[in-house]
Amino acid sequence: MTEVQVATPGGSYAIKVGAGLLPSLGAELKALRPRVTQILIISDETVAALHGSAALGALGNAGLSASLVTVPTGEGSKSLAQLGALWERCAEAGLDRASCIVALGGGVVGDLAGFVAATYMRGIAFVQVPTTLLAVVDSSVGGKTGIDLPQGKNLVGSFHQPILVLADVDLLATLPEREISAGLAEVVKHGIIRDPGLLDWLEQNAEAILALEKGRLSELLAWNCRIKASVVGQDERESGLRAILNFGHTIGHALEAVVGGHVAADGWVHGECVAVGTVGALVLSQAVGALQEPALIGRTEALLRRFRLPVRLPDGFESKAILPYLARDKKATGGRPTWVLAERAGSSLLTADVTEAQVLTALAYLEA
Ligand code: NAD
Ligand code: GLY
């Protein structure tokens, strides 16, 4: 087991990464909150069917009183309707200020359950038990919680840090291949913005990771948690540095708004949109004159392809269709997005100083 510490003004906690960790959930929770009363596990229907009993067992075996509530699987559950239902469920289950919520699932469950914990009784403790690769390396760390509105993703939320992240790699064994790949898009992003050594390592270990080889997978997950912890430790509330985690997401989110799985049943998942957005951000970095290492574009594309991720827009998709969505990006001010650009492997910068012509150059590349 590897432990990574997160230290932010809003809370300090451990991320524990390794195999066979879920059975220790109850003991971990008791050690952190000896007087904990009720525990409510929030999960989605898919994850609850696979891992719900094990999580309940882990709490019950430690003598803790726990119940499980599920929401439908998918982004649609990050909604006001589900939030309201969960608040009521907390009250019905008798949760008080000494209670704790456990988010058992991917980023959808983590964001939603975290926001329930942030708001119920003005905030109670919660634990993240991430079950997707994306959730381990990204969404379970850093305390961003929230829901979507019909007008856009993640428009309502708060910063609320968990008291513990328990990342059991065994839980990833049931994850569909496509979701493993989707999480790896965020891993590649971490290498580009912060750590050239991570890109080298990924090139050497791609097949072991795709095969979910536990030792190397645990090493990779802990490494990425360290990267994310170091960024949010310096800028919890995204007043500057944290925005670099948005690399690839400006185009990625815009693409997701058009072809995302919560929009179209056969749509692309978040990580796939981010993969294309990552290539777009690199080409834009070159068009703007920021990229000092042009070979990084081909190198990244090759790595993303090895991870079974797309590096171009869907067939027949006209790139201009996503232009209006770029201006709606949450990081846009006055309709101008703040772009995260790469200088070289491991080094990125933030700028709004990008022309529409340069953006069109990058988008045209993605159509090729
Ligand atoms: P998700 O939670 O929808 O999970 C993806 C799919 O995998 C779902 O169908 C789920 O049921 C299934 N699944 C989860 N764990 C499984 C397992 N162990 N075995 C089998 N199936 C499993 O999606 P995600 O990609 O984990 O997260 C995406 C969400 O995360 C988005 O809402 C995004 O906005 C959010 N996010 C938040 C942050 C943050 O900092 N808070 C960062 C990145 C993404
Ligand atoms: N996933 C982006 C962030 O946590 O800031």
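Summarised in this report is the structure supplied together with it. (Residues numbered from 1 in each chain as written. Chains lettered and ligands numbered in written order. Predicted model: local features only at pLDDT ≥ 70, side-chain atom pairs only at ≥ 80, totals over all residues. Heavy atoms only, no water.)

A word on the overall build of the chain. Each helix and strand in the chain was counted, giving 13 helices and 13 strands. A globule of 368 residues ought to have a C-alpha radius of gyration of about 21 Å, and the chain, at 20 Å, matches this closely. C-alpha extents for the chain along the principal axes are approximately 60 × 40 × 40 Å. With 368 residues in all, the chain has 57% of them scored as buried. (Helix = DSSP H or I, 4+ residues; strand = E, 2+ residues; numbered from the N terminus. Rg over C-alpha atoms; globule rule 2.2 N^0.38 Å. Buried < 20%, exposed > 50% of the residue type's maximum accessible area, 1.4 Å probe, protein only.)

Quick look at the environment of P9 now. Mapped onto the elements, P9 comes out in the loop between β1 (2-8) and β2 (11-18). On the accessibility criterion, P9 (79% relative accessible area) is exposed. Placed 23 residues apart in sequence, P9 and L32 show a C-alpha to C-alpha distance of 18 Å.

Let us now look at helix α10 (residues 270-288). Spanning 19 residues, α10 covers 26 Å between terminal C-alpha atoms, matching the ideal 27 Å at 1.5 Å per step. The buried fraction of α10 is high, at 16 of 19 residues. The first or second residue beyond α10 is G289, which carries a positive phi of 90 degrees. (Expected span 1.5 Å × (residues − 1).)

Ordered in space as β1-β2-β9-β6-β5-β3-β4, the 7 strands form an open sheet in which the pairing is mixed. Two strands bound the open sheet, and with one partner strand each, they are β1 and β4 (65-71). Between one strand and the next, the sheet's axes are offset by a mean angle of 20 degrees, whatever the strand orientation. Sheet topology places strand β6 (residues 125-130) next to strand β9 (residues 164-168); 2 bridges connect them, and they run parallel. Looking across to β9, one finds that V127 is bridged to L164. Lying on the sheet, helix α2 (residues 45-60) is in contact with β3 (38-44), β4 and β5 (100-105); it crosses β3 at an angle near 160 degrees. In the packing of helix α4 (residues 107-119) onto the sheet, the strands contacted are β3, β4, β5 and β6, and the crossing angle to β5 comes to about 170 degrees. (Pairing = 2+ DSSP bridges. Axes fitted to C-alpha atoms, helices over the stretch in contact; angles between N-to-C directions. Contact = heavy atoms within 4.5 Å.)

All right, on to the pairing of β9 then. Among the 5 residues of β9, 5 are classified as buried, and the element is accordingly described as predominantly covered. Side-chain alternation along β9 places L164, L166 and D168 on one buried face and V165 and A167 on a second face that is also buried. In the sheet, β2 pairs with β9 via 5 bridges, with the strands oriented parallel. Across the sheet, residue V17 finds its bridge partner in β9, namely A167.

Our next topic: the site of ligand 1. Near ligand 1 lie 26 residues; those nearest to it are E75, G107, T131, T132 and T174. Between ligand 1 and the protein, one listed contact pairs an oxygen atom with a backbone N or O atom of V108 at 3.1 Å. When ligand 1 is considered free in solution it has 860 Å² of accessible area, and contact with the protein chains removes 89% of it. Listing elements by their share of the shell around ligand 1, those giving two or more residues are α2, α4, α5 (133-139) and β8 (152-159). In terms of residue count, the dominant contributor to the shell around ligand 1 is α2 (4 residues). Partitioning the shell around ligand 1 into residue classes produces 7 nonpolar, 10 polar and 9 charged. (Near = heavy atom within 4 Å. Polar contact = N/O pair within 3.5 Å; in protein donor to acceptor, adjacent residues only side chain to side chain. Areas by Shrake-Rupley, 256 points an atom, 1.4 Å probe, with all protein chains shown as cover. Nonpolar A, V, L, I, M, F, W, Y, C, P; charged D, E, K, R; others polar.)

Attention shifts here to the site of ligand 2. Every residue close to ligand 2 is listed here: D138, K144, K228, E238, R242 and L245. Contact distances for ligand 2 include 2.8 Å between an oxygen atom and a side-chain N or O atom of K144. Here an oxygen atom of ligand 2 and a side-chain polar atom of K228 are 2.6 Å apart. With the chains in place, 81% of the 200 Å² that ligand 2 exposes on its own is no longer accessible. Considering only residue class, the shell around ligand 2 consists of 1 nonpolar, no polar and 5 charged.

This part takes up the packing of aromatic side chains. Counted under the stated rule, the structure contains 1 aromatic pair. An angle of 70 degrees between the planes, with centres 5.8 Å apart, marks the rings of W201 and W223 as edge-to-face. Here W201, found in helix α7 (residues 196-210), pairs with W223, found in helix α8 (residues 214-234); they are 22 residues apart in sequence, far enough to count as distant. Accessibility assignment for this pair places W201 and W223 in one class, buried. (Phe/Tyr/Trp six-rings, centres within 6.5 Å; stacked < 30°, edge-to-face > 60°.)

Here we take up unusual backbone geometry. The backbone phi angle of R122 is positive, close to 60 degrees, even though this residue is not glycine. Here R122 lies in the loop between α4 and β6. A positive phi is found at R308, a non-glycine position, where the angle reads about 65 degrees. Relative to the helices and strands, R308 resides in the loop between α11 (295-306) and α12 (323-327).

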